[in-house]
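Here are the chains, one letter per residue:
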Amino acid sequence: MEERSSFDILIDYPVKHGLEFDTHRDYRRFFLNPHDRILNTKFVIFKTGSLFFYAYDSYAVKAYMTKTYTGLYSSVTLPADIELKVYKKDFADTFLRANKRKTGFKHIDEYLTVTSRSKDFSFSLSKSAVSLFLEMARLFSPFQMIVQNDYLPNIGELKNNKVIGLETQQWLFEEEDIDKFLKLGEELILDVKNINA
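Residues numbered from 1 in each chain as written. Predicted model: local features only at pLDDT ≥ 70, side-chain atom pairs only at ≥ 80, totals over all residues. Heavy atoms only, no water.

**Student:** Help me get a handle on the pairing of strand β9 (residues 162-168), residues and values and all.
**Tutor:** Across the 7 residues that make up β9, a large majority, 7, are buried. With burial as the criterion, each face of β9 is covered, one bearing Lys162, Ile164, Leu166 and Thr168 and the other bearing Val163, Gly165 and Glu167. Looking at chain direction, strand β4 (residues 67-75) and β9 are connected through 6 bridges and run antiparallel. Bridge pairing in β9 places Ser74 opposite Ile164. Across 7 bridges, the pairing between strand β8 (residues 143-149) and β9 is antiparallel. If you follow Phe143 over to β9, its bridge partner there is Thr168. (Buried < 20%, exposed > 50% of the residue type's maximum accessible area, 1.4 Å probe, protein only. Helix = DSSP H or I, 4+ residues; strand = E, 2+ residues; numbered from the N terminus. Pairing = 2+ DSSP bridges.)

**Student:** Report on the pairing of strand β3 (residues 51-59), specifying residues and quantitative values.
**Tutor:** Put simply, side chains in a regular strand alternate between the two faces of the sheet. For β3, the tally of buried residues reaches 8 of 9 residues, placing the bulk of the element in the interior. Pairing geometry for strand β2 (residues 40-48) and β3, over 9 bridges, is antiparallel. Residue pairing in the sheet places Thr41 in a bridge with Ser58 of β3. Counting the residues in the hairpin turn of β2 and β3 gives 2 residues, including Gly49, whose phi is positive at 65°. Bridge count between β3 and β4: 7 bridges; the pairing is antiparallel. Among the inter-strand pairings, Tyr54 is bridged to a residue of β4, identified as Gly71.

In structure tokens, the structure reads:
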């Protein structure tokens, strides 16, 4: 029996759950203009509720162009000047992270590192959101949250919107991992939307 690829196993998820999906082989529902001549790219994207699950993998002959990640994304209503990334606090933050910002909330600043080009921004996470973030960072390391304008313009419904995203640099394809990622990610994104409304 032929061994199935992680791509084929991932496609089982939206099929099993009756979700419409796009891949690099067949895209017409969510994705726009996926081809890059330099990259050998594969992706799977599906929508569940208001969230987009997007697994992406690219390989290029040129150095530093290979990229793999899985993310959960949604549009979010926040002031236009708020763009940031959130990471689990790490001893290497001093060397690896530029534009670090304090939020002024001990429960955030003690456990998470927030980076932003803007020095003045208003963004908060509840204590439960910080706990969810840390749980996801433990399960799906390395892990980050992104809030950015027009972050994924190739996804039609997110184009020209402010996007909140949760990303891991892993290709998630096992049903159990996807279920956890979706469940925890949905809770975290909803919490962020509610506290920053």
